[in-house]
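Spelled out, the chains give:
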Amino acid sequence: MPEILTPEAVDFVTDLNRRFAPRRDELIAARAARRGQKLDFLAETAHIRDAQWQVAEAPPALVDRRVEITGPTERKMAINALNSGAKVWLADLEDANTPHWHNVVSGQENLYDAVRGTIVHTSPEGKHYALRSDVRPATIVMRPRGWHLDERHIDVDGRPAVGALVDFGLYFFHNVRELLARGSGPYFYLPKMESHLEARLWNDVFTYAQEKLGIPHGTVRATVLIETVPAAFEMEEILYELRDHASGLNAGRWDYLFSLIKTFRDAGEEFVLPDRNTVTMTAPFMRAYTELLVRTCHKRGAFAMGGMAAFIPNRRDPEVTAAALEKVRADKSREAGDGFDGSWVAHPDLVPVCQEVFDEVLGKRPNQLDKLRPEVKVTADQLLDVKSTPGEATFAGVRSAVDVGVRYIQSWLSGNGAAAIHNLMEDAATAEISRSQLWQWVHNGTVLADGQVVTAELVREVLAEVKATLSGDHLDEASDLFEQVALDDEFVDFLTLPAYAKID
């Protein structure tokens, strides 16, 4: 295994933290200060939206992104992702990764070997995994932790380091030159930002890191996940701040719904959502968000990336698999038709489905940057039109939220941040939407389809019933933590914050 925590690498990470952690702290504090304010497109940045500008031209390795596979940096899953035939592997150190110190360091070790094409793995059963010679390995785009998370295992002047700067710094320091030598580059997905000022901070980190190591300005490329509602109102400004380093924007789903609930948790019934599984990408407020994203990206020469197909094919149940694949195909067809340049899948078996759909639309073109969507006009009211969402809250939805939430937290505490639950590959966003939806229903006295009112007592009853059906390590901790983040009067911003205190 390569040595990751070399003195030089740690010094680099320490330097990044000394320079940029204070601004990170200010920006996190600013999030809380903005809560409760009316969301709208910013008047003070209208000149940016009205001006003529483009992001930097994409490097060759990122021109065609029609299929991207996501997953943690666990060794076997990394090899399978690189071999999948997808154009890009989103190497996830964020929501699909429990930040055990072992996972943080071993993830960097696996990325080091993946960049150099030397990554191999032998399972306990003796099965050997290695990169295939007949498949072009997926381009690596690494996702560091969000700005809100710390890394307590690295101390900088008496305080924990910023998790995002640890993830970025170690990967960039060890791999930037090797990536460039191989015709690729240091490419990143940036999660959970809430403002263009947070994007400006990332841009300053990139600029400084490149200068520090003697790398040409603009070598870094970043794709931003627009997975918070405040960020949806600042898409153009986010691209503008990162314009020398920007590659595109991504339209998520669960994190966006979680953000909507969190942002408007005290705003009344008009922001109460029905069962999470009934809130599709065709809901009016979700259509407004995705169409605005495509228009914004292509207006500025950036790629628009679609959301996750999380289904895990079950070869023992072909009927269930066939029905699910048709839903995946329909979802990807909608995205391709809307002008997205590519989309995400969570399992190698879904790569051919997504590839076929985008091949049909793209033909020999690598992307749809020429599809400008000038007819799209999205207002603030449309982005916030939650009350028009079809569906209802049901008791089955309550039970599903508890069941999936507890199962995922149990998996996360055990060290597995990418959990297969009920034929879906789930990450932290799943637990977030589950617990936040219950919090919203309880605090709004939501009446279910069968006439029951959602109360804390009802949720605790369901929690006890669900817990009795489960087993395994960390079940008590997972159940207690889920109850805390779903029912406490104070809404914790991210469940991973109290969860982090429970792991090594």
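One can find the structure itself at the top, above this paragraph.
These lines cover the structure that appears in this document, whether it is placed above or below. Source: prediction; values computed, not measured. (Residues numbered from 1 in each chain as written. Predicted model: local features only at pLDDT ≥ 70, side-chain atom pairs only at ≥ 80, totals over all residues. Heavy atoms only, no water.)

1. Describing the side chain of R221
Stage number 1. Locating R221 in the fold gives a position in strand β9 (residues 221-226).
Stage number 2. Although R221 is buried, it forms no salt bridge, and the closest oppositely charged side chain is E57 at an N-O distance of 7.6 Å.
Stage number 3. One polar contact links the side chain of R221 to the main-chain carbonyl oxygen of E57, over a distance of 2.8 Å.
Stage number 4. Among all residues touching R221, those that are not within four sequence positions of it are A56, E57, P59, L62, P186, Y187, F188, D244, H245, A246 and S247. (Helix = DSSP H or I, 4+ residues; strand = E, 2+ residues; numbered from the N terminus. Buried < 20%, exposed > 50% of the residue type's maximum accessible area, 1.4 Å probe, protein only. Lys, Arg positive; Asp, Glu negative; His and termini not counted. Salt bridge = Lys/Arg side-chain N within 4 Å of Asp/Glu carboxyl O. Polar contact = N/O pair within 3.5 Å; in protein donor to acceptor, adjacent residues only side chain to side chain. Contact = heavy atoms within 4.5 Å.)

2. Brief notes about the pairing of strand β5 (residues 139-143)
Remark: a regular strand shows side chains that alternate across the two faces of the sheet.
Stage number 1. Taking burial as the measure, the five residues of β5 include five buried ones, the bulk of the element.
Stage number 2. Here β5 shows no split at all, with T139, V141 and R143 on one side and I140 and M142 on the other all buried.
Stage number 3. With five bridges connecting them, strand β2 (residues 88-92) and β5 associate as parallel partners. The partner of D92 across the bridge, within β5, is R143. (Pairing = 2+ DSSP bridges.)

3. Some words on the nonpolar core
Stage number 1. By size, the foremost hydrophobic cluster in this structure holds 106 residues, and its most contacted members are W89, W202 and I226.
Stage number 2. With near-sequence residues (within four places) excluded, W202 lies in contact with P144, W147, A164, F168, L190, M193 and L242.
Stage number 3. By size, the runner-up hydrophobic cluster in this structure holds 38 residues, among which are V398, I421, V459 and I503. (Core = buried A, V, L, I, M, F, W, Y, C linked by side-chain atoms within 4.5 Å.)

4. Concerning the pattern of salt bridges
Stage number 1. Scanning all chains against the criterion turns up 47 salt bridges.
Stage number 2. In this structure, the salt-bridge partner of R143 is D92, at a minimum N-O distance of 2.5 Å. Of this pair, R143 sits in strand β5 while D92 sits in strand β2, and the two are 51 residues apart along the sequence.
Stage number 3. Look at R143 and you get buried, because its relative accessible area is 5%.
Stage number 4. On the basis of relative accessibility, which here comes to 2%, the residue D92 falls in the buried class.
Stage number 5. Between K387 and D385 there is a salt bridge whose closest N-O contact spans 3.8 Å.

5. Let's talk about unusual backbone geometry
Stage number 1. Notably, D157 is not glycine yet its phi reads approximately 55 degrees, a positive angle.
Stage number 2. One can find D157 in the loop between β6 (150-156) and β7 (159-162).
Stage number 3. With a relative accessible area of 56%, D157 lands in the exposed category.
Stage number 4. One non-glycine residue, N423, lies in the positive phi region at around 65 degrees.

6. A look at helix α1 (residues 7-34)
Stage number 1. The terminal C-alpha atoms of α1, which comprises 28 residues, lie 40 Å apart, in line with the 40 Å expected from a rise of 1.5 Å per residue.
Stage number 2. Approximately 50 degrees is the largest bend angle found in α1, and it occurs at F20, with the proline P22 only one to four residues beyond.
Stage number 3. Buried-residue contacts for α1 involve β6, β7, α5 (163-181) and α6 (196-213).
Stage number 4. Residue G36 follows α1 closely and has a positive phi angle near 90 degrees. (Expected span 1.5 Å × (residues − 1). Bend = angle between axes of the 7 residues up to and from the residue.)

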